[in-house]
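# Observations on the model geometry
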Amino acid sequence: MLDVHLQLFCERLKRVLAGEEGALPLPDSTNLTPLFQNLLTESEIIATTLLGNYEGDMARHLIQLIADEFNEDEMPSPFWQFLDIEESDEDVERPDILEILEDINYFVHESEEAIDTFFINIMQQQNSESESTTCKALLIGLHGKIIAIRNQMQQLSPRYNDFDISEQSDKLIRLLIERQHKLDIKEFERGREELFDLLIEGHPRLAVVAILDSSGFDKTAFAADAYNNNHVKFYFDCHAWVRVSLLYDFGRIVDDIIKSVMPPSRVSVIIGEDYQLKKSVLRDYVTNKKYFIVLDDVFDEREIWDDLQEVLPDNQNGSRVLILVTDPDLLSSLDMENGEKIRPDSVLIGGPMIRLKHESWQFFILHYGSMPLENYVQGEAILTVWRQIYSVMELPFHLKVCCIYLCVFRPSIEISTRQLCQLWIAEGFIPYNSEETAEYYLKELIHRGFIQVSKRRAGGTIKACYVSSFVYTSLLFVAEKTVFAWSPEREEEPMANVKRCFIMKDLIEFFPLEHSDIYLQSFLNHSTENDHLALIDCENFCKKFEHLRVLNWGSAVLDQFPPGLENLFLLKYLQLNIPSLKCLPSLLCTLLNLQTLEMPSSYIDQSPEDIWMMQKLMHLNFGCITLPAPPKNYFSSLKNLIFISALHPSSCTPDILGRLPSVQTLRISGNLSCYHSGVSKSLCELHKLECLKLVNESKLSRMVLSEYQFPPSLIQLSLSNTELMEDPMPMLERLPRLQVLKLKRNSYLGRKLACAGSGGFPELKVLHLKSMYWLDEWTMGAGALPKLESLIVNPCAYLRKLPEELWCIKSLRKLDLHWPQTELRQRLRTFEDMEWRYDIQLYPSGI
């Protein structure tokens, strides 16, 4: 792990030689290719052959660096002995190896900066011959340095070569198992019953239940079992599950509760308002409702009790709050019923529930796991962190860098998997910039427990994920000790040779640029503050960090396109928040290496022709963007562009869409009727299109679906506000590969739907019928929808019955029906005894 910079440098050299680095391939006349090849050869010899002999030494040293962050009294004695780093033990440091690693990291830093400068100057169209001469001299000098490092290493002999990280990890697992108390399944079931009784049959006063766990028990899964239970859903009027995490932000918690309990129409109005107003609106909304709120991954943030009391009233109606406690110190401010402070030895494994009090609220504690709470508080939890650290060190290199990179995101906060994969690609972690490879790595890290899935798309693919606080803590230790990433909020002074900087709290504090001498390749802002950035600060930032590949200013607001950004020639990933921007500046098009452009708050009416020169673009994400017609006599295309959201329908012409041959995901938003002819006839130009969303923004016109020519490659189709008058099913059922169909808000205004018989929708698995307010009849022929798995009808207020043929579909498992009328509810009772086959959900829950 301590050689991560060298290994990533080797991967970069391969991209340079393959012509994938820089906007232009290496000029043939420069004769630089052999020099780059020599540099790669020597670097690989050191990275794979020579440093491979010192893996044991490097692993031992990394473990010691991390262990230095803990006090001996924080960890159980057997584990401290296991680490084998007591003062009496032989010093594991290898000054010779550490010195060579320092030389290697400095060499990588110097090499990267030289290569960057060469490509920047070439892209600035400076004299390529003189630049090549300068670069050649630098490469020859760097080659001499790497040779000297290789010779130095060949004179060393490994001392701890028998140290095996996998073997040590197995020993740690055995140590953890030996110290675990075996879970009693009967105790677990009793606790489950006790929790359900409290939730549904308990006192009408608001009850707060704190659930604790330790190794061997998953409190999140335990709470999810209750949260997702049908009886619980029917009992409460509204529900919310919110992850809190290490970085406590009650403003975000309020936003997440609002998004969960309030209807979307009200959420869109209130979510951007003042924090105090949102708290007041939330309290008013839940005042007459029986609510059930789960707060997951809560650390020692004492103010949470007062914050919750401001927004969650006790209406004496049976409302409940579950708090999944990660740090038991959180409970130290609570009193037991006899007035004494809670003690860890008073909380027993498996219950019974302990009653506590906090002002007017009633509290309960339920603890499960493999050890008494007293042991957990005394340091056993740290063993879990160490187990994760060992697991990270065991990963193969390609997964290791992707895994450690997760520490640049906020813990327990949703991460868009699309964004994550694009960042991995921009950072150079993914061979050949392959999204399929990135998605495979993502699934591997999920399978190994480093990443948790939070949302799936209707078709089952992963839409969002998160990293739990325990895993995040482990990754942060490894990232800091390997100089992989730096946060100025944790360490004021940047580490030598660090290339990635991330902000979690206050972006504005970074802008004095006191650390302008550091060589950054990535800068990411994950602060939740909507700070306004001064243009002069942005300009200075771009001057200081001209070698950036990744720039994400997050939610920070810009009033216009920032000056100086056009000089970041190496940029591959750019995210900006410029709500007022209407015209995309031509200067942006000088960023020829750009792969991902994220500007979701911008609605672009005009784009420069030069955007067609940005041949490496893969993702365009805007509120809406209008693409220009390609320049005359220009025959190239944006061949790598695979994702566009949202494209204005005026740009949907055969000439424009015909030059986007690789687009797989497309969202079109605007007046579809006004540009009906172009949109309907041009979509067939997209031969690789798999996911299409059509959103009509005009209230004065309707879409005529029968004139649309959809490409047969379509797998997912979504229609919104199209106000179709004709039944869409006869046309759409002919799409041979369609698996997901969403007819959303005001998509169809008719009263009848008819699915033909055998052969209709041959591959469809998911069908959403939403906001079809007048739908009262749905018929199906035998053999239609043969692979349907999930059906949502919202609402079905006038639908008297579902097609009888629906129940003959063997693959059907899930039905969500909103506001079904009495006749339909009566028919569904026939299937109440078939829970083993059907998951039938009726909403609202109480009907």
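As the structure is a prediction and not an experimental result, all values here were calculated from the model.

## Some details on the packing of helix α11 (residues 250-261) against helix α13 (residues 275-286)
With their axes 10 Å apart at the nearest point, α11 and α13 run at an angle of 40° to one another. As far as their axial angle goes, α13 and α11 are oblique. Along this stretch, α11 crosses α13, giving a crossing that reads as left-handed. Between α11 and α13, the contacting residues are F250, G251, V254, D255, I257, I258 and V261 on the first element and Y275, K278, K279, L282, Y285 and V286 on the second. Of the residues that constitute the contact of α11 with α13, the class distribution is nine nonpolar, one polar and three charged.

## Let's talk about the packing of α13 against helix α14 (residues 304-311)
α14 packs onto α13 with a crossing angle of 60° between their chain directions and a minimal axis gap of 7 Å. One finds that α13 runs oblique with respect to α14. When α13 is examined against α14, the residues K279, L282, R283 and V286 are found in contact with a partner set consisting of Q309, E310 and V311. Its residues assigned to classes, the contact of α13 with α14 comprises three nonpolar, one polar and three charged.

## Topic: the nonpolar core
Of all hydrophobic cores here, the largest spans 110 residues; its most connected members are F523, W553, F710 and W778. Counting 103 residues, the second largest nonpolar core, distinct from the first, contains L51, L62, L142 and V408.

## Some thoughts on helix α16 (residues 397-404)
Of all eight residues in α16, six are buried; the element is thus mostly enclosed. Residues of α16 that are buried: L399, K400, V401, C402, C403 and I404.

## Thoughts on α11
Under the 1.5 Å per step criterion, the end-to-end length of α11 is 16 Å for 12 residues, consistent within 8% with the ideal 16 Å. Most of α11 sits inside the fold, with nine of its 12 residues counted as buried. On its buried face, α11 sits against β2 (238-245), α12 (264-270), α13, β3 (291-298) and α14.

## Here we look at the pairing of strand β10 (residues 462-466)
When you tally the buried positions in β10, you get four out of five residues, the bulk of the element. Where strand β8 (residues 415-416) lies against β10, two bridges are found, and the strand directions are antiparallel. When the bridges of β10 are listed, I415 appears paired with C465. With four bridges connecting them, strand β9 (residues 452-456) and β10 associate as antiparallel partners. Note on β10: the bridge partner recorded for R456 is I462. Linkage of β9 to β10, two consecutive antiparallel strands, is achieved through a turn of five residues, within which G460 is found at a positive phi near 100°.

## Looking at the pairing of strand β18 (residues 665-670)
Here four bridges tie strand β17 (residues 643-647) to β18, and the two strands are oriented parallel to one another. Opposite L647, over in β18, you have I668 as the bridge partner. With six bridges connecting them, β18 and strand β19 (residues 691-696) associate as parallel partners. Bridging from a neighbouring strand, L666 pairs with L692 of β19.

Rules behind the numbers
Along each chain, residues carry numbers from 1 onward, in the same order as the chain's sequence is written. Thresholds applied to this predicted model are a pLDDT of at least 70 for local features of residues and 80 or more for the giving and counting of side-chain atom pairs; totals over whole chains, interfaces and linings are not thresholded and use all residues. With hydrogens and water excluded, all non-hydrogen atoms of the structure serve as input to the side-chain values. Angles here are taken between N-to-C directions and fall from 0 to 180 degrees, while the axes themselves are lines fitted to C-alpha atoms, restricted in helices to the stretch in contact. Numbering of helices and strands runs from the N terminus, with a helix taken as a DSSP run of H or I at least four residues long and a strand as a DSSP run of E at least two residues long. Orientation labels follow simple angle bins: below 35 degrees gives roughly parallel, above 145 gives roughly antiparallel, 65 to 115 gives roughly perpendicular, and whatever is left gives oblique. If you view the pair so one helix is near and one far, a crossing is left-handed when the near helix is turned anticlockwise from the far one by less than a right angle, and right-handed when it is turned clockwise. Contact between two residues is taken to exist if any of their heavy atoms lie within 4.5 Å; hydrogens are not considered. The nonpolar class holds Ala, Val, Leu, Ile, Met, Phe, Trp, Tyr, Cys and Pro. Asp, Glu, Lys and Arg form the charged class, and all remaining residues, Gly among them, are polar. Residues grouped as a nonpolar core are buried Ala, Val, Leu, Ile, Met, Phe, Trp, Tyr and Cys residues, joined through side-chain atoms within 4.5 Å. Three labels apply to residues, based on accessible area from a 1.4 Å probe with only protein chains included: buried if under 20% of the type maximum, exposed if over 50%, partly exposed otherwise in between. The span expected for a helix works out to 1.5 Å for each residue beyond the first. Any two strands between which DSSP finds at least two bridges are classified as paired.

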